[in-house]
Amino acid sequence: MTRDVININDFIILVEEAKAEKVTIDSCFFDEPIIAVAFYGSGNVDLSVKYGDKQKEFSYTKGLALSFYADDNVEFIHTVSASKQLECLVIATSISAIEALPNDEGELFSEMLNQLVNPSDHYVEGPAFYMTPEMQTIVDSIFNIQYEGKTKMMFFRSQITALLSHFFGQLATMKTEKIKTSEREKLIKAKTILSENLDNPPSLTELSKEIGLNTFKLKKDFKELFGVPVFKYLQNERLTIAHKLIRKQEATVQEAAWHVGYDSLSSFSNAFAKKFGYRPSQIK
C-alpha cells in the first residue's frame, strides 16, 4: 500500500495505490469533516463505507467518480486482492475552506453539491457516475507520472484542475436519468465481462446474450453510460493494462501485447502510440 497526501491550495489530495497476492483489508478515516470526490482508476477494488449502524457497499469501483461528505465517524474500507487492486484518487476540502477556494470553485461546490455542503448525516453520498474517457485518461496519467521534482508537482497540479473541471462539467450536462436501474446493472456486468476477458473478448452477440440486452440497446446504452462504444472501451482497457505491465517491467512489449490480446506487434504499437502519444518501446 502506498498513500500520499498532497496539499494544493485548499484541497487535500489523497493518492492511494495497493496490490496484494492475498485478500488484504485497508481502513482509513478523515480527521475532520470533508467534502470530496473519489476517482477510481484501473484497479477494481471493493469498497465499504461504515458510519454508525449503517453501511454502504460498492462492489464495482473501476472508473467510478463518487462525491461524498464524511466526518470523522466514517470508516472507508477497501478490500484488496490479486484480482481487485486499488487505484484511488481523492480530492477533498473542508466545509470551512469552501468559501476560500480560488476561481469560484467554492461556488461550484455549493451549487452543484449542495447536499454535501449541508449534510444531514455522518456520511452523505452525492452524484456518482462512471468517468468519461477524458477523465479516465487524466486519472491514468496521475498514476503513471514519469516526471520528478518541481516538474512532477506542476504536472500534478494541472491534472487535478483539469479533472475537477471535467467532473463539474459532466454534472452540469447530466440530464434526467434515461437508463433504468436494471439495465444499468446489465451494462456494468458487460463492462466487467470485457475487463475480465481482454485477451479473448466475447462478440457483441455473445455479450448481449450473456447480459440479457439486445445488441442495439447494448451498443446505444453502453456508449451513453460509459462515454465510449463497447469495443473502444475494450481497446482502451487493453492499452492501459499493457502500459502498466511495461512501465512496471512486469512484461516485455511483445509479452504485454500478447497478454491483452494483440497478435500483431505493429498493430499494438500503432494503437498504443495513438492513445498515449509515444511508442511502447519509449516507456522508461
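Chemist: How should I be thinking about the overall build of the protein in this particular structure?
Modeler: From N to C terminus, the protein includes 10 helices and 10 strands. Relative to the 2.2 N^0.38 estimate, which gives 19 Å for 284 residues, the radius of gyration of the protein is 19 Å and therefore close to what a compact globule would have. In terms of principal-axis extent, the alpha carbons of the protein reach across some 55 × 45 × 40 Å. Residues classed as buried in the protein amount to 48% of the 284 residues present. Partitioning the intrachain contacts of the protein with sequence separation of at least 6 by distance along the chain shows that 70% fall at a separation of at least 24.

Chemist: What am I meant to see in the state of the cysteines here?
Modeler: A covalent bond between the sulfur atoms of two cysteines is what we call a disulfide. In total, this model carries 0 disulfides according to the counting rule given. Sulfur of Cys28: no disulfide; nearest cysteine sulfur belongs to Cys88 and is 8.0 Å away. Cys28 sits in the buried class, given a relative accessible area of 10%.

Chemist: Please explain the layout of surface pockets as it appears in this structure.
Modeler: Remark: the empty space left among the atoms is shown by a probe the size of a water molecule rolled over them. The calculated volume of the largest pocket comes to roughly 670 Å³. As for the largest pocket, its lining consists of 24 residues, and the residues nearest its centre are Ser42, Lys62, Ala82, Ser83 and Ile241. Only α5 (181–196) and α8 (230–247) provide two or more residues apiece to the lining of the largest pocket. Among the elements that make up the lining of the largest pocket, the one with the highest residue count is α8 (4 residues). Taken together, the residues that form the lining of the largest pocket break down as 5 nonpolar, 10 polar and 9 charged.

Chemist: What's the story with the nonpolar core in this structure? I'm lost.
Modeler: One broad trend across soluble globular proteins is that nonpolar side chains are buried collectively. Ranked by internal contacts, the top residues of the largest apolar core, which has 45 residues, are Phe68, Phe76 and Tyr123. If you tally residues by element for this core, the top one is α5, at 5 residues. Not counting residues within four places of it along the chain, the set of residues in contact with Phe68 comprises Phe30, Ile34, Ile35, Ala36, Ala38, Phe76, Leu116, Tyr123, Val124, Glu125 and Gly126. Formed by 34 residues, the second largest nonpolar core is a distinct cluster that contains Ile98, Met135, Val139 and Ile142.

Chemist: So what exactly am I meant to see when it comes to the environment of Phe167 here?
Modeler: Within the secondary structure, Phe167 is located in helix α4 (residues 149–173). Measuring from C-alpha to C-alpha, the distance between Phe167 and Ile12 comes to 17 Å, with 155 residues separating the pair along the chain.

Chemist: Explain the pattern of salt bridges to me, please; I cannot follow it from the model alone.
Modeler: Where charged atoms from two side chains of opposite charge come close, those side chains can pair. Applying the stated criterion across every chain yields a total of 12 salt bridges. When the shortest N-O distance is used, the salt bridge between Glu250 and Lys19 registers 3.0 Å. With Glu250 in the loop between α8 and α9 (253–259) and Lys19 in the loop between β2 (11–18) and β3 (24–28), this residue pair connects regions lying 231 residues apart in the sequence. You can call Glu250 partly exposed: its relative accessible area is 44%. The partner of Asp121 in a salt bridge is Lys54, with the nearest N and O atoms 2.7 Å apart.

Chemist: Sorry if this is basic, but what is going on with the sheet that holds β3 here?
Modeler: Strand order in the open sheet formed by 4 strands is β3-β8-β5-β6, and the pairing between neighbours is antiparallel. Only two strands of the sheet have a single neighbouring strand rather than two, namely β3 and β6 (54–58). Going from strand to strand, the sheet's axes swing by 20° on average, the running direction of each strand aside. Pairing analysis gives 5 bridges linking strand β5 (residues 46–51) to β6, with the strands arranged antiparallel. Each bridged residue has a counterpart across the sheet, and for Lys50 the counterpart in β6 is Gln55.

So, how was this worked out
- Residue positions within a chain follow its written sequence, with the count starting from 1.
- Totals for whole chains, interfaces and linings use all residues, but because this is a predicted model, local features are given only for residues with pLDDT of at least 70 and pairs of side-chain atoms are given and counted only at 80 or more.
- With hydrogens and water set aside, each side-chain value is computed from the structure's full complement of heavy atoms.
- Helix numbers and strand numbers start at the N terminus; a helix is a DSSP run of H or I with at least 4 residues, a strand a run of E with at least 2.
- Atoms counted for the radius of gyration: C-alpha only. Globule rule: 2.2 Å times residue count to the power 0.38.
- Exposure categories follow from relative accessible area, calculated using a 1.4 Å probe and restricted to protein chains: below 20% of the type maximum is buried, above 50% is exposed, and the middle band is partly exposed.
- In what follows, a contact means two residues having at least one pair of non-hydrogen atoms within 4.5 Å.
- Pairs of cysteine sulfur atoms within 2.5 Å are identified as disulfides in what follows.
- Here a cavity denotes grid points, spaced 1 Å and computed from the protein atoms alone, that fit a 1.4 Å probe unable to get out, and a pocket denotes an open set having protein on both sides within 12 Å along at least 5 of 7 lines; residues with an atom within 4 Å of a point are the lining.
- Grid points are joined across faces, edges and corners, and a volume is the space filled by probe spheres set on the points.
- In the scheme used here, Gly and all other residues not listed as nonpolar or charged are polar, with Ala, Val, Leu, Ile, Met, Phe, Trp, Tyr, Cys and Pro taken as nonpolar and Asp, Glu, Lys and Arg as charged.
- The set of buried Ala, Val, Leu, Ile, Met, Phe, Trp, Tyr and Cys residues whose side-chain atoms join them within 4.5 Å is what this entry labels a nonpolar core.
- For this document, the term salt bridge refers to a Lys or Arg side-chain nitrogen within 4 Å of an Asp or Glu carboxyl oxygen.
- Should DSSP find at least two bridges between two strands, the strands are taken to pair.
- Note on geometry: axes are lines fitted to C-alpha atoms, helical ones only across the stretch in contact, with angles between N-to-C directions running from 0 to 180 degrees.

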